[in-house]
Protein chains: 2
Amino acid sequence: MSDRREFRDLATPEEARAVVEGLDIDPGTEAVPLADARDRVLAERVDATLDVPGFDRASMDGYAVRARDTFGAGEATPETLELAGTVHAGEEPDVTVDAGTAAEISTGAVMPDGADAVVMVERTTETDDGVEIRTAVTPGEHVMLAGADIAAGARALGPGTHLTPREIGLLAALGVDEVEVQSRPRVGIVSTGDELVRPGDELDSAAGQIYDVNSDTIAAGVEDAGGEPVLYPHAGDDFEAMEELLHEAADECDLVLSSGSTSASAVDVIYRVIEERGDLRLHGVAVKPGKPMLVGTIGESAYVGLPGYPVSALTIFRTFVAPVIRDAAGLPEPRTATVAGEMAVDERYSEGRLRYMPVGLVDDGEGATLVYPVDKGSGATTSLVDADGTVAVQPDTEVLPAGRTVEVTLFSPDVRVPALFGVGEDDPLWNRLLDRIEAPRYLPTGTADGLRRLRDGVPDVAVVAGPTAEEEPGEELGGWTREWGLAVAPDSDVADLATLVDGDYRFVNRDGGSGLRRSFDAELERVADDRGASVAAVTDAIDGYELTAEATESPARKVAAGEADAGLSLGATAATLGLEFVPLGTERVRVLANRDRTEKESVERLRRLLGELDDLAAGIEGFEG
Amino acid sequence: MSDRREFRDLATPEEARAVVEGLDIDPGTEAVPLADARDRVLAERVDATLDVPGFDRASMDGYAVRARDTFGAGEATPETLELAGTVHAGEEPDVTVDAGTAAEISTGAVMPDGADAVVMVERTTETDDGVEIRTAVTPGEHVMLAGADIAAGARALGPGTHLTPREIGLLAALGVDEVEVQSRPRVGIVSTGDELVRPGDELDSAAGQIYDVNSDTIAAGVEDAGGEPVLYPHAGDDFEAMEELLHEAADECDLVLSSGSTSASAVDVIYRVIEERGDLRLHGVAVKPGKPMLVGTIGESAYVGLPGYPVSALTIFRTFVAPVIRDAAGLPEPRTATVAGEMAVDERYSEGRLRYMPVGLVDDGEGATLVYPVDKGSGATTSLVDADGTVAVQPDTEVLPAGRTVEVTLFSPDVRVPALFGVGEDDPLWNRLLDRIEAPRYLPTGTADGLRRLRDGVPDVAVVAGPTAEEEPGEELGGWTREWGLAVAPDSDVADLATLVDGDYRFVNRDGGSGLRRSFDAELERVADDRGASVAAVTDAIDGYELTAEATESPARKVAAGEADAGLSLGATAATLGLEFVPLGTERVRVLANRDRTEKESVERLRRLLGELDDLAAGIEGFEG
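The model shown is predicted, which means the values in this text are computed figures rather than measured ones. (Residues numbered from 1 in each chain as written. Chains lettered and ligands numbered in written order. Predicted model: local features only at pLDDT ≥ 70, side-chain atom pairs only at ≥ 80, totals over all residues. Heavy atoms only, no water.)

**Focus on the sheet that holds strand β16 (residues 228-231) of chain B**
Residue and element names in this part refer to chain B. Put simply, the test is: When DSSP locates at least two bridges between a pair of strands, those strands are taken to pair. Secondary structure elements are defined from DSSP: runs of H or I of at least 4 residues count as helices, runs of E of at least 2 residues count as strands, and each element is numbered from the N terminus. Fitting a line to C-alpha atoms yields each axis, with helices limited to the stretch in contact; the angle taken between N-to-C directions then spans 0 to 180 degrees. Whether two residues are in contact is decided by their heavy atoms, any of which lying within 4.5 Å being enough.
Within the open sheet, the six strands sit side by side as β16-β13-β17-β21-β20-β18. Their pairing is mixed. Every interior strand has two partners, whereas the edge strands, β16 and β18 (278-283), have only one. Within the sheet, the average angular offset between the axes of one strand and its neighbour, ignoring direction, is 20°. Direction of pairing for strand β17 (residues 255-259) relative to strand β21 (residues 301-305): parallel, over a ladder of four bridges. The partner of Val 256 across the bridge, within β21, is Tyr 303. Across the sheet, helix α6 (residues 310-329) is in contact with β13 (186-191), β17 and β21; its angle to β17 comes to roughly 160°.

**Remarks on the relation of the copies chain B and chain A**
Short version of the rule: C-alpha atoms of residues with pLDDT of at least 70 in both copies form the basis for the least-squares superposition of the copies.
By a simple turn and slide, chain B fits onto chain A: the slide is 0.0 Å along the axis, the RMSD is 0.2 Å, and the turn is 180°. Overall, the copies show the geometry of a two-fold rotation axis. The rotation axis passes nearest to the C-alpha of B:Pro413 in chain B, at a distance of 4.3 Å. Take the interface residues of chain B: 100% of them recur as interface residues in chain A, which is what a same-surface contact looks like.

**A look at the packing of aromatic side chains**
Residue and element names in this part refer to chain A. Convention followed: When two rings of Phe, Tyr or Trp (its six-membered ring) have centres within 6.5 Å they constitute a pair, described as stacked for plane angles under 30 degrees, edge-to-face for angles over 60, and tilted for the intermediate range. When accessible area is computed with a 1.4 Å probe and restricted to protein chains, residues below 20% of their type maximum are described as buried, those above 50% as exposed, and intermediate ones as partly exposed.
Scanning all chains against the criterion turns up 12 aromatic pairs over all chains. Taking 6.4 Å as the distance between ring centres and 85° as the angle between the ring planes, the aromatic pair formed by Trp 484 and Phe 520 counts as edge-to-face. Note that Trp 484 is positioned in strand β32 (residues 474-488) and Phe 520 in helix α11 (residues 515-531), a separation of 36 residues in sequence. Accessibility assignment for this pair places Trp 484 and Phe 520 in one class, buried.

**Quick word on the confidence of the model for chain A**
Residue and element names in this part refer to chain A. The following threshold applies: For every residue, the predictor reports its confidence as pLDDT, a number between 0 and 100.
The predicted model of chain A has a mean per-residue pLDDT of 91, with 97% of residues at 70 or higher. Confidence drops under a pLDDT of 50 for residues 1-7, and excluding neighbours within four residues, the segment shows 15 contacts in the predicted structure. Across the whole predicted complex the pTM is 0.90, and at the interface the ipTM reaches 0.91.

**So, the pattern of salt bridges**
Definition in use: Any carboxyl oxygen of Asp or Glu that lies within 4 Å of a side-chain nitrogen of Lys or Arg is treated as forming a salt bridge with it.
Scanning the entire structure with this criterion turns up 79 salt bridges over all chains. B:Glu347 is paired through a salt bridge with B:Arg355; the nearest N and O atoms lie 2.9 Å apart. Grouping residues by exposure puts B:Glu347 and B:Arg355 together as buried. The residue B:Lys558 makes a salt bridge to B:Glu563 at a minimum N-O spacing of 3.9 Å. Accessibility expressed as a relative area gives 24% for B:Lys558, which makes it partly exposed. Linked by salt bridges that have partners in common, A:Arg45, A:Asp47, A:Arg155 and B:Asp435 make up one network.

**Things to note about the domain arrangement of chain A**
Quick note on the threshold: The domain boundaries here were taken from an automatic or database domain assignment.
Domain annotation for chain A reports domain 1 (3-26 + 185-329), domain 2 (29-45 + 152-182), domain 3 (57-144), domain 4 (338-417) and domain 5 (428-624). Look at where the C-alpha atoms of domain 2 of chain A and domain 4 of chain A centre, and you get two points 41 Å apart.

**Thoughts on α11(A)**
Our working rule: In a helix, the anticipated span is given by 1.5 Å times the number of residues less one.
Spanning 17 residues, α11(A) covers 25 Å between terminal C-alpha atoms, matching the ideal 24 Å at 1.5 Å per step. Directly after α11(A), the chain includes A:Gly532, whose backbone phi takes a positive value near 65°.

**A look at the interface of chain B and chain A**
To keep it simple, the criterion reads: Summed over both partners, the accessible surface that disappears when two parts come together, traced with a 1.4 Å probe, is what is meant by buried area. What qualifies as a polar contact is a pair of N or O atoms within 3.5 Å, subject to a donor-acceptor requirement within protein and to the restriction that residues adjacent in sequence count only when both atoms come from side chains. Any residue that is not Ala, Val, Leu, Ile, Met, Phe, Trp, Tyr, Cys, Pro, Asp, Glu, Lys or Arg is counted as polar, Gly included; the first ten are nonpolar and the last four charged.
Contacts between chain B and chain A engage 100 residues on the former and 100 residues on the latter. Interface area lost by chain B to chain A is led by B:Arg155, B:Arg166 and B:Arg335, which between them contribute 9%. On the surface where chain B and chain A come into contact, there are eight salt bridges. Of the charged contacts in the structure, one is a salt bridge between A:Asp224 and B:Arg38, with a shortest N-O distance of 2.3 Å. Counting the contacts that link chain B with chain A gives 32 residue pairs in polar contact (both at pLDDT 80 or more). For the side of chain B that touches chain A, the secondary-structure elements that each account for two or more residues are β11 (155-157), α2 (165-173), β15 (210-211), α3 (214-224), α7 (383-386), α8 (428-434) and α13 (554-560) of chain B. Class assignment of the residues belonging to the side of chain B that touches chain A gives a composition of 47 nonpolar, 24 polar and 29 charged.

Okay, structure coming up:
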């Protein structure tokens, strides 16, 4: 591996920003119809080429008069003028208002020759002799003069103006049906890596395939920033194909982004292409997440290589790349929304580089915002949605202690603090219950983690299942019962727990933190007791007892896929997957509330919902509300 | 006119809001490809249907091992394991890791059978005997277990989730390539009124035609709110056509908006259509601007009639209609951005209804924000862009005094306080100069208005031209010289001012507030002096002296259009329009700064720019920097 890939000389974030800002991705300008101009940016000044209005215009329904004919008129001293005719909006007047006469006129109509003011209809009465005027008007009253709104030659909108409905209104008033705007920079997205499969296509997990997350994520980010994403077909790790693709993208786009491959040899191809056709300006930046970042040029195009892990790729994109796309599109930097909050737990850090720490927010029910780190480890995609923003942790930080006030930069100004934050057991009824709560966040990390976090005081609620030995750290809001047991293939002869222990079956267990596993272990203890054997002897007899899967459906899915004979499962899951089910018991699932937050609105709503579970429970096999 | 149109029983804003919210414009749901899902809203819960990752996955480059084989290994006590093979990302392992062996593994690759941890490459050395391990690892170290990111059956995203790049990333990780989202409500826009012409088409000002502003403005507003606008062809005031169009729009859309016609008979048609096929629920709301608002149904569609004037139409749309479109699209109400500021001037108000007063903002250079009302009168379209937001003025308010703190609701969170605010003379060099300043606002209301407002302390600068008698209210930053005179038709025999006074020519003047007019009047005084005549005698001799136009180019444009023989003009304007020019003199245009704001960044920049005018002046006929 060559030195250059070992990131010995990582750039500082400021240096990286300067290098990316130094790239030329100016896309030029283009003419678009007014109907497509919303959210675009004017490339040049627009001056008015006509007066608006184009004529002296009545701004009231009433009578066009010579003002001096009304001087002295009042409620007690009406003045009668001869009716000379009528002018409607949208027609050329065929009447002249001479001294002593008036013309009926509609709002928006052209002032007839001779008239210099309008008397509003409410202050007049038509009589047999003409029209009785009961108020005096001054010259120009209720008339908008030609050009009074905007006059020919006046500067209407400057270059760089962001076109919102208001600016579009002014352009329409000027008769403009096409405007020259800043083009959207074309941003090519090249994803590499043999293991990547496009969403929607078949996935071969045994061969280590995963879905390509970065292409769609970064494409959406490019659109958010005002660019036009161009997705290139997936290149795999075929070096010739990758090289060709990079050339093609560089020829067609203002900026090329690549991401996906973590393999050293794929990176070699990229280096070679840049060296042959461009210029490498930066490799590696001292931030976390996101260290491996390449910046340079390929041919006439700018190039940025993003890290492979989605959270890293999106962080680098948002931090360094989106601002230059926005700038090239002429769009203003969005107002960054920030929220101050208190660290809910201690967070240790000692990597010596700037860290954009993803964090979640929770409202403590009394108006304060608590901040907790979200880090499921490199490569987790759920971190994308489990966080609300980031806290910049300086390189020399060792610990951010609980209680420390930090500033959170929200992912977008639209981000709201979730109304309810829960952690704990994964459960199908709970999933449906959450649909009835607005803006919830739930981390299904198991009963043990739910209890631990509730004890730390971070979430509003924990969902726990199965037997719990420990003193409970929260107030029970309600719960339900679910049937559990073994999911087995339709032709299986696993009939009960004894068969599983004594026979030769491949079993898939759940992880130790889950309530389901707690119920299973309690049942195995009973079996050991009955047999006068040790628990270890019983569990050792089950082939796969140590083979755990992370969530409710996973063991059953292994059975469905033919990879195992039996899996620890809910009855509901077996039914959903069309498997046979060997019931071993029922367990109670309970929702425990943080004792400081029982008055919080969302917690109170949850308590009410937990009182009306019948319809939800009725829809799921083996559940009782 | 029937009672119902006299708005005797205006609804309160709260009532109006409730009535509009009561309309049913739910558009249902639709499936869209993931690539088009950005900014849409999930219609239903998405549960994971697979484990992510789908296999136990190495999260480091290194060696897959049995953890217990490394216990005791360290820098000083390396442990050597036999090399059993290699696993790359994206391929099925063809190797088993037995006790005492290790397999080379890439980040992202499938853990081979037997292995339960990864030793990172940096802590190893390959030797002839195999691989030397220099650290101990625990089971699971540097391995992401199947389902650890998100597991099959877990709730991934709830209904109502707004899809940003982050959520799109999670959906991609789950292999989802199509999602069920809330449809965008279809909003039909029907514009009525004989006087309206589509932008881009020819305008007959003499016949009172104006461009249709509302259709494009409201369409852009509908898009901003997450709806899909459908523009119907302009109906004019042909009642049968209008009726047919309303029926068609109601059949095709979830909501129909009409606007444009101010004529009583057009409103009659709308009433008739609603009465025959729908239900009228509200007419008239006690707000300014915007009183005439209709709410009801036509067939299966909801209907809202907007006022005709653009500012009124957009205010009613933003206040009452946009929230229900957003709600129907499932989008969150945007965070309203507000700014506190001090009233810069007194504003009187006594109309007894809630007023959404459009206001502009200006930074006083010391961190405070000043707020001034923007009201060019009913029907002005420039008010759309001359304001930054609105202040809600309560019905019982009589005056908002200067200095009073008010809360301004910005038109959007992106609105920034203009960096420079100027008022005064309209001038082509100044228009170009403004292009070099970021985010300026300039109101070309003439020299007199510029001086008046600068005296009130509101703008940063005033631009003044021609002789000014009064003491100057600001510090001169710099200026330039421009040639002025008469624009005349190519075949005209107007040769000098004397010809104009003595001959029989139709003349068009500028308004009294302009610097050009001041220079012209000073010149006429000189002519009167020379002749020993009164000024009035001289001006009376000019046919059209009283016929004033609002801006620099307007008189010359009248000449170009054949409507006048001579117009007061700049030499530059005559050149632009291809007219002959009779020079009468030069005048100085000067930029005066508010004395309290000479240190303000944009004012300092302007002072610098005024020192380098040569290139700008060189591009304009008759100008000198």
